[in-house]
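Structural description and commentary
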Amino acid sequence: MLKITPFSGLLLLAFGLSAHAQEAAPAALPRTAAPESALTYLLSPANGATVTSPFTVRFGLRGMGVAPAGVTTANTGHHHLLIDVETLPPDNLPIPNDANHRHFGLGQTETEITLPPGQHTLQLVLGDALHIPHQPPVRSEKITITVAQ
Ligand SMILES: [Cu+2]
């Protein structure tokens, strides 16, 4: 008989969370509805700002609530910060999990990041319990910042 101890259960959970974005994904997954009026935005830095690394990025959300990944309560989601992403990931698949697509699955509303000097873009996308953008997608404007030497 397979015995799941609390420890191995945690390992399974941790593996499941880290592996979700790498799994071979089906062509499309069901999407979670979002209110048409929902809006996410970057509180800071401001579009066009010059910053020095490391710097804090603050996330805003209106018309929905922030919830950790895995929570399926209606009208909630968690933030994803897209850094220097030119082509948005598909709206019907989990958002990739890499250095350019950062997940805030604990429900964080700010982060500190380090980027090399030069111009960079930042954009927020809300994801549902399974890291899939809502329907319609809740995305911020893409901003451009300059990281000073
Ligand atoms: Cu996510």
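Structural notes, computed from the coordinates.

**So, the sheet that holds strand S3 (residues 55–62)**
The strand order S1-S3-S7 describes an open sheet built from 3 strands, whose pairing is antiparallel. Across the chains shown, the open sheet's two edge strands, defined by having one partner strand only, are strand S1 (39–44) and strand S7 (110–113). Ignoring strand direction, the axes of neighbouring strands in this sheet form an average angle of 25 degrees.

**A word on the nonpolar core**
The biggest cluster of nonpolar side chains holds 15 residues, and the ones touching the most others in it are Leu-42, Phe-55, Val-57, Leu-81, Ile-113, Leu-122 and Ile-145. If you list the elements that add at least two residues to this core, you get S3, strand S5 (76–83), strand S8 (118–127) and strand S9 (143–147). Apart from the residues lying within four places of it in its own chain, the contact partners of Ile-145 are Pro-45, Ala-46, Ala-49, Val-51, Phe-55, Gly-118, Gln-119, His-120 and Leu-122. Within the second largest apolar cluster, 6 residues are counted, among which are Ala-38, Leu-61, Met-64 and Leu-126.

**Here's the deal with the pattern of salt bridges**
Side chains carrying opposite charge are able to pair once their charged atoms draw close together. With the rule as written, the count across this model stands at 2 salt bridges. The partner of Asp-91 in a salt bridge is Arg-139, and the shortest N-O contact between them spans 3.0 Å. One end of the pair, Asp-91, is in the loop between S5 and strand S6 (101–103); the other, Arg-139, is in the loop between S8 and S9, with 48 residues separating them in the sequence. For Asp-91, a relative accessible area of 23% gives the class partly exposed. By relative accessible area, which is 28% here, Arg-139 ends up partly exposed.

**Section: the coordination of the copper ion**
Taken together, the protein donors to the copper ion comprise His-78 (NE2), His-80 (NE2), His-103 (ND1) and His-131 (ND1), at separations of 2.0 to 2.1 Å. Between the 4 donor atoms coordinating the copper ion, the angles at the centre fall across 90 to 156 degrees, so the site counts as irregular. Written as a sequence motif, the donor arrangement for the copper ion is H-x1-H-x22-H-x27-H. Placement of the pair is His-103 in strand S6 and His-131 in the loop between S8 and S9, with a sequence separation of 28 residues. Judged by relative accessible area, which is 16%, His-103 ranks as buried.

**Description of the pairing of S9**
The side-chain alternation of S9 yields one buried face, formed by Ile-143, Ile-145 and Val-147, and one unburied face, formed by Thr-144 and Thr-146. Note that strand S2 (residues 50–51) and S9 share 2 bridges and pair parallel. Looking at the pairing, Val-51 lines up with Val-147 of S9. Pairing geometry for S8 and S9, over 5 bridges, is antiparallel. Along S9, the bridge assignment pairs His-120 with Ile-145.

Calculation rules
Residues numbered from 1 in each chain as written. Predicted model: local features only at pLDDT ≥ 70, side-chain atom pairs only at ≥ 80, totals over all residues. Heavy atoms only, no water. Pairing = 2+ DSSP bridges. Helix = DSSP H or I, 4+ residues; strand = E, 2+ residues; numbered from the N terminus. Axes fitted to C-alpha atoms, helices over the stretch in contact; angles between N-to-C directions. Core = buried A, V, L, I, M, F, W, Y, C linked by side-chain atoms within 4.5 Å. Buried < 20%, exposed > 50% of the residue type's maximum accessible area, 1.4 Å probe, protein only. Contact = heavy atoms within 4.5 Å. Salt bridge = Lys/Arg side-chain N within 4 Å of Asp/Glu carboxyl O. Donors = N, O, S within 2.8 Å, 3.2 Å for Na, K, Ca; no water. Tetrahedral: all angles 85-135°; square planar, octahedral: opposite > 155°, others 65-115°.

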